[in-house]
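Take a look at the letters that make up each chain.
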Amino acid sequence: MKKRYAFLAAAAVSFTAAALFWQSRTQSRNEENKEIRIGIALYRGNDPFINSLRSQIEDRAKEYEQATGIKVVLDVADPKGNQNTQNSQVERFLSLGCDALCVNMVDRSAASYVINKAMDADVPVIFFNREPVEEDMKRWERLYYVGENARESAVLQGTILADAWKADPLSLDLNGDGRVSYVLLEGESSHQDSLIRTEWSVQTLKDGGIPIERLTGGIANWDRSQASALMGQWLEEFPGQIELVICNNDEMALGAADALERAEEGRPIRIVGIDGTPQGLEGVKKGKLFGTVRCDIREYAEIIFEIAAAEALGQDVRGQIELTSGIYYECGQEAVTGEDLQ
Ligand code: BGC
């Protein structure tokens, strides 16, 4: 019996030694080459939030090059919202020999195709912003997800309004009838952030003791012009009744503000967004938006990049970055109103 243990122990030691040897071979080979190649697959390049994230990732890559002397080649692809195009772009990244992929799925339920290809090529994938289902995420230890906690964004958004209500109910209840009549602009129906943000924004208003009445709501797919068109219709449908516009993101909030301007609406209807994009913050500063929830986009980009670079060099990612269930990272966010920006 003892002998058998001794044999197993010896086998385990030599197996571990071999594994360590190969790990350090891969590591030093990459570090010797002083170049890592990372493919970034966006869902849509003209989405302002995704666009600022992309440019932040590029900045982080430059800083990393300067700090480490390791050259970073970033390949960025824009499939313009088409999943088939994105699949081909991912395959192209793999054939170019990318060391890691950062993927913002067009259709988050279609991640298995990307995962299969990446697993075949033994290339890690850092998904971001559009979260694959948990079953997919658990298929392989080289899969990660970086995003924001959607419930937290919504609670922060709702709290901006609950605070305003406490300070002065008539700032929201414009006609003084004892309730706040709101409309709600939602992002894509299949996006995890839309569903959860909508639910928790409204819940936070209720928890904050605001008597609310929903006039209507609609899907504007995160998009400024779609939101502007919907808001324009609602202003005609509910003349003089809308008191608050809750939006799942800043772009739609800006679209709602465009519609108010077009309609020459005189009442101070409050509009809130989420993201804290440069355009959104500018809207808050100018008083077009009452508030937003600013995501720490620098941290967001840093974590995506750090995981990709560490994986590309064969380093121990989980030893470097604390991840929930070894897979997930949630970026920081904070509520922002006009007062904060003064
Ligand atoms: C952001 C939106 C963005 C969307 C793209 C959301 O988390 O709030 O602004 O359009 O992600 O997937």
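Predicted, not measured: the structure shown is a model, and the values here were computed from it.

As a structural note, the neighbourhood of the ligand is formed by Tyr43, Asp47, Phe49, Asn129, Arg130, His191, Asp193, Arg197, Trp222, Asn249 and Asp275. In this structure, an oxygen atom belonging to the ligand sits 2.6 Å away from a side-chain N or O atom of asparagine 129. Taking 310 Å² as the accessible area of the ligand by itself, protein coverage stands at 99%. Using a 2 Å cut-off from the grid points, one finds that the ligand occupies the largest cavity. Counted by class, the shell around the ligand contains three nonpolar, three polar and five charged residues. Mapped onto the domain boundaries, the shell around the ligand takes at least three residues apiece from domain 1 (34-147 + 297-331) and domain 2 (150-295).

Turning to helix H10 (residues 278-285), a few remarks are in order. Taken together, the buried positions of H10 are Gly280, Leu281, Gly283 and Val284. The buried side chains of H10 occupy one side of the element, clustering within an arc of 155° when seen end-on. Relative to its buried face, H10 has exposed residues pointing more than 90 degrees away, namely Pro278 and Lys285. As for H10, its buried residues are in contact with helix H9 (250-262), strand E10 (291-295), strand E12 (333-337) and helix H13 (338-341). Positive phi appears at glycine 287, one or two residues downstream of H10, with a value of about 85°.

Right, let's talk about the sheet that holds strand E11 (residues 328-330) for a bit. The six strands lie next to each other as E2-E1-E3-E4-E5-E11, forming an open sheet whose pairing is parallel. Two strands close off the open sheet at either side, each with one partner strand: strand E2 (71-77) and E11. The sheet shows a mean angle of 20° between the axes of neighbouring strands, taken without regard to direction. Across seven bridges, the pairing between strand E1 (residues 35-41) and E2 is parallel. Bridge pairing in E2 links glutamate 35 to lysine 71. Each of E1, E2 and strand E3 (100-103) touches helix H3 (residues 83-95); the most contacted strand, E1, lies at about 175° to it.

Across all of its chains, the model carries three aromatic pairs by this definition. For the pair phenylalanine 49 and tyrosine 300, a centre-to-centre distance of 6.1 Å together with 65° between the ring planes defines the contact as edge-to-face. Of this pair, phenylalanine 49 sits in helix H2 (residues 48-68) while tyrosine 300 is found in helix H11 (residues 297-312), placing the two residues 251 residues apart along the sequence. Look at tyrosine 145 and tyrosine 328: their rings are 6.3 Å apart centre to centre, the planes differ by 65°, and that puts the pair in the edge-to-face class. With tyrosine 145 in strand E5 (residues 143-147) and tyrosine 328 in strand E11, this pair connects stretches of sequence that are 183 residues apart. On the accessibility criterion, tyrosine 145 (5% relative accessible area) is buried. You can call tyrosine 328 buried: its relative accessible area is 15%.

Another point: the layout of surface pockets. Put simply, the second largest pocket is a space of about 270 Å³. Around the second largest pocket sit 16 residues that line it, and Leu260, Ile269, Gly287, Lys288 and Leu289 are the ones nearest its centre. Secondary-structure elements contributing two or more residues to the lining of the second largest pocket are H9, strand E9 (270-272) and H10. Per-element accounting of the lining of the second largest pocket gives the leading share, three residues, to H9.

Turning to the domain arrangement of the protein chain, a few remarks are in order. Domain parsing of the protein chain yields domain 1 (34-147 + 297-331) and domain 2 (150-295). Computed over C-alpha atoms only, the centres of domain 1 and domain 2 are separated by 32 Å. Between domain 1 and domain 2, the residue contacts involve 13 residues of the former and 14 residues of the latter. Across the interface of domain 1 and domain 2, roughly 990 Å² is buried in total on both sides, 46% from carbon and sulfur atoms. Three residues, Pro48, Phe49 and Arg108, lead the burial of domain 1 against domain 2; their summed loss comes to 44% of the area buried on that side. A salt bridge links arginine 130 to glutamate 188, with the shortest nitrogen-to-oxygen separation between them at 2.8 Å. Where domain 1 touches domain 2, the interface holds seven residue pairs in polar contact (both at pLDDT 80 or more). For the side of domain 1 that touches domain 2, the secondary-structure elements that each account for two or more residues are H2 and H11.

Enumeration according to the criterion identifies 19 salt bridges in this entry. Residue glutamate 148 pairs with arginine 197 through a salt bridge whose shortest N-O separation is 3.7 Å. Taken together, the residues glutamate 148 in the loop between E5 and helix H6 (150-167) and arginine 197 in helix H7 (residues 192-207) connect sequence positions 49 residues apart. For the residue pair glutamate 148 and arginine 197, the accessibility class agrees, reading buried in each case. A network of salt bridges, in which partner residues are shared, links Arg60, Glu63, Arg298 and Glu302.

Cut-offs and rules
- Throughout, residues of each chain are indexed from 1 in the direction in which the sequence is written.
- Since the coordinates come from a predicted model, pLDDT governs what is reported: local features require at least 70, and pairs of side-chain atoms require 80 or more to be given and counted, while whole-chain, interface and lining totals use all residues.
- Processing note: side-chain calculations cover all non-hydrogen atoms of the structure and skip hydrogens and water entirely.
- When at least one non-hydrogen atom of a residue lies within 4 Å of a molecule or strand, that residue is treated as near it.
- Under the rule applied, a polar contact is a pair of N or O atoms within 3.5 Å (in protein, one hydrogen donor and one hydrogen acceptor; residues adjacent in sequence only if both atoms are side-chain atoms).
- With residues, only the protein chains shown are counted as cover, and all accessible areas are computed by Shrake-Rupley using a 1.4 Å probe.
- The rule is simple: put a 1 Å grid over the protein atoms alone, call a set of points where a 1.4 Å probe fits but cannot get out a cavity, call an open set with protein on both sides within 12 Å along at least five of seven lines a pocket, and count a residue as lining if it has an atom within 4 Å of a point.
- The rule for placing a molecule in a cavity or pocket is simple: more than half of its atoms must lie within 2 Å of the grid points.
- Asp, Glu, Lys and Arg are counted as charged, while Ala, Val, Leu, Ile, Met, Phe, Trp, Tyr, Cys and Pro are counted as nonpolar; the rest, among them Gly, fall into the polar class.
- Each domain's extent is set by a domain assignment, obtained either automatically or from a database.
- For every residue, the accessible area (1.4 Å probe, protein chains only) is compared with the maximum for its type, and the residue is labelled buried under 20%, exposed over 50%, or partly exposed between those bounds.
- Under the DSSP-based scheme used, a helix requires at least four consecutive residues in state H or I and a strand at least two consecutive residues in state E, with every element numbered from the N terminus.
- Throughout, the arc means the angular range of directions from the helix axis out to the C-beta atoms.
- It only takes one pair of heavy atoms within 4.5 Å for two residues to be counted as in contact.
- Note on pairing: two strands pair once DSSP finds at least 2 bridges between them.
- For helices, the fitted line uses only the C-alpha atoms of the stretch in contact; every axis is such a line through C-alpha atoms, and the angle between N-to-C directions lies from 0 to 180 degrees.
- Only rings of Phe, Tyr and Trp enter the pairing, Trp through its six-membered ring, and a pair is recorded when the two centres are within 6.5 Å. The plane angle decides the type: under 30 degrees is stacked, over 60 is edge-to-face, the rest tilted.
- Grid points are joined across faces, edges and corners, and a volume is the space filled by probe spheres set on the points.
- Reported buried area values correspond to the accessible surface (1.4 Å probe) lost by two parts on association, with both partners' losses combined.
- For this document, the term salt bridge refers to a Lys or Arg side-chain nitrogen within 4 Å of an Asp or Glu carboxyl oxygen.

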